[in-house]
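Single-letter residue listing:
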Amino acid sequence: MSRMIAAFLLLLPLAWLPAGTAGARTDKELRDQRSAAQKERNEKKRERDREIADASRELREHARELDADYRERLRQIDVDFELKRVELEAGHKAKVAAAEAEFMKKLSVAMTASGNEDMQQRIARLEAETKAMSSELFRLRQDAAGVEHKERMAVAARKHQLLAEMDQIVLRKAASLGLTREPAPVLASPIGGELTRPEEQWNERERKEVRTIAERNDKALAKYANGAKLREWERANLDEDFRLAWEEKRELDELVSQRMLFRSFMLQADPSRPADAQSFTDRLAEAEHQEKLIRIKYDQLRKTKAIERREARRKLGG
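Residues numbered from 1 in each chain as written. Predicted model: local features only at pLDDT ≥ 70, side-chain atom pairs only at ≥ 80, totals over all residues. Heavy atoms only, no water.

Draft legend 1. Expanded view of the overall build of the protein. Broken down by element type, the protein carries 6 helices and 0 strands. Starting at the N terminus and walking to the C terminus, you meet the elements of the protein as α-α-α-α-α-α. Within the protein, buried positions represent 29% of all 318 residues. For the protein, contacts bridging at least 24 residues in sequence account for 83% of all contacts bridging at least 6. With an accessible surface of roughly 21400 Å², the protein has 56% of that area assigned to carbon and sulfur atoms. (Helix = DSSP H or I, 4+ residues; strand = E, 2+ residues; numbered from the N terminus. Buried < 20%, exposed > 50% of the residue type's maximum accessible area, 1.4 Å probe, protein only. Contact = heavy atoms within 4.5 Å. Areas by Shrake-Rupley, 256 points an atom, 1.4 Å probe, with all protein chains shown as cover.)

Draft legend 2. A look at the packing of aromatic side chains. By the definition in use, this model includes 2 aromatic pairs. Relative to Trp246, the ring of Phe242 has its centre 6.3 Å away and its plane inclined at 45°; by these criteria the two rings are tilted. With a gap of 4 residues between them, Phe242 and Trp246 both fall in helix H5 (residues 227-268), about one helical turn apart. Its relative accessible area of 22% is what places Phe242 among the partly exposed residues. Note on Trp246: relative accessible area 13%, which makes it buried. Grouped by ring-pair contacts, the aromatic residues Phe138, Phe242 and Trp246 constitute a single cluster. Residue placement shows Arg41 over the ring face of Trp202; its charged tip is 5.6 Å from the ring centre. Above the ring of Trp246, the side-chain terminus of Lys249 is found at 5.2 Å from the ring centroid. (Phe/Tyr/Trp six-rings, centres within 6.5 Å; stacked < 30°, edge-to-face > 60°. Lys NZ or Arg CZ within 6 Å of the ring centre and 35° of its normal.)

Draft legend 3. Structural view of the environment of Lys106. Residue placement: Lys106 occurs in helix H2 (residues 21-112). Among the residues examined, Lys106 registers a relative accessible area of 46% and is labelled partly exposed. Taking the C-alpha atoms as reference, Lys106 lies 8.1 Å from Met133; in sequence the two are 27 residues apart.

Draft legend 4. Spotlight on the nonpolar core. Leu59, Val170, Leu179, Leu221 and Tyr224 are the most contacted members of the largest nonpolar core, which has 20 residues in total. Put simply, the parts of the chain that give this core at least two residues each are H2, helix H3 (119-176) and helix H4 (197-225). Setting aside chain neighbours within four positions, we find Val170 in contact with Leu59, Ala63, Leu66 and Tyr224. Of all hydrophobic cores here, the second largest spans 5 residues; its members include Leu252, Leu255, Ala287 and Tyr298. (Core = buried A, V, L, I, M, F, W, Y, C linked by side-chain atoms within 4.5 Å.)

Draft legend 5. Structural context of the confidence of the model for the protein. For the protein, the mean per-residue pLDDT works out to 84, and 83% of the residues sit at or above 70. Here helix H1 (residues 2-15) stands out as the least confident element of the protein, with mean pLDDT 43; H4 is the most confident, with 94. Segment residues 1-22 is flagged for pLDDT under 50; beyond a separation of four residues in sequence, or across chains, it makes 0 contacts in the model. (pLDDT = per-residue confidence, 0-100.)

Draft legend 6. Main features of the pattern of salt bridges. Summed over all chains, the structure comprises 40 salt bridges. Residue Glu148 is joined to Arg152 by a salt bridge in which the shortest nitrogen-to-oxygen separation is 3.0 Å. Of the two residues, Glu148 and Arg152 both sit in helix H3, 4 residues apart, roughly one turn of that helix. Relative accessible area serves as the criterion here: at 16%, Glu148 is assigned to the buried category. Judged by relative accessible area, Arg152 falls into the partly exposed class, the value being 35%. When the shortest N-O distance is used, the salt bridge between Arg158 and Glu151 registers 4.0 Å. On the basis of relative accessibility, which here comes to 39%, the residue Arg158 falls in the partly exposed class. Under the relative-accessibility criterion, Glu151 is labelled buried at 17%. Residues joined by salt bridges that share partners form a network here, namely Glu240, Asp241, Arg243, Glu247, Lys305 and Arg309. (Salt bridge = Lys/Arg side-chain N within 4 Å of Asp/Glu carboxyl O.)

Draft legend 7. Here's a closer look at H4. For H4, built from 29 residues, the straight-helix expectation of 42 Å at 1.5 Å per residue is met to within 8% by its first-to-last C-alpha distance of 40 Å. The largest bend in H4 is about 35°, located at Lys219. Among all positions in H4, only Glu199, Trp202, Asn203, Glu206, Val210, Ile213, Ala214, Asn217, Leu221, Ala222 and Tyr224 are buried. (Expected span 1.5 Å × (residues − 1). Bend = angle between axes of the 7 residues up to and from the residue.)

Next comes the structure, spelled out in structure tokens:
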């Protein structure tokens, strides 16, 4: 009986409280808990952002130090190549000079050896001989350029190997600093049974922000992640440029030899036969016209490739 009386006395004060007071106290407790949780989330988010900023700064400093070290090693490779190129050029120029002197001697002999030929026969013979001599001289020049180009490509490959090594060091450092993965979002957990609308909005912003951070880090690391592929593409472009340049030179060289021949004929033309002089003039004009067309063709090709390469570089992340 005494226990029942004690319980009644404990419950009696609640009967005198205004209606809803107990529920209001519960709501206030939830608000306080949510406010405290929000403060904790804000602090965790600030700490995460500080850690990411510190990691990014440390990586940039590390990359700058590496770049300074590797730049000197790359420079030495360039110096060694320049020294070798000077040596190669000297030898090639001596060979080309000797071949050019021989070419002019043969051309002089061919021009003066007329025999019993009429003008058309002489022109046909000299065109054929000039073309053969010019082709041989051109081959010598191209071979010399090919030797230098091959050495240049080998140098590029050595430099690119060093740069690939540096890229991997930077990427390993970035991974150790946590910059190659998406950071964990600081999410609100339900308090009192479910998330409030502000807490849902917080979570949405957090998920979006960590994706943005990851994308920003990926963009910053793209030059290292895609470096090897980009440099391989650049070496392929160097090869293509060399090939196209010498294709143009070959086409122009044939016309240069023709122009030289026709000018020689014009100087030797018989004044009593103006038709011959006009024929040489016409053929010279046609050769010059063809030369312009060749230059236009390759200029268009280079400009087209420049546009295509610009887009390809963008897709490669360069």
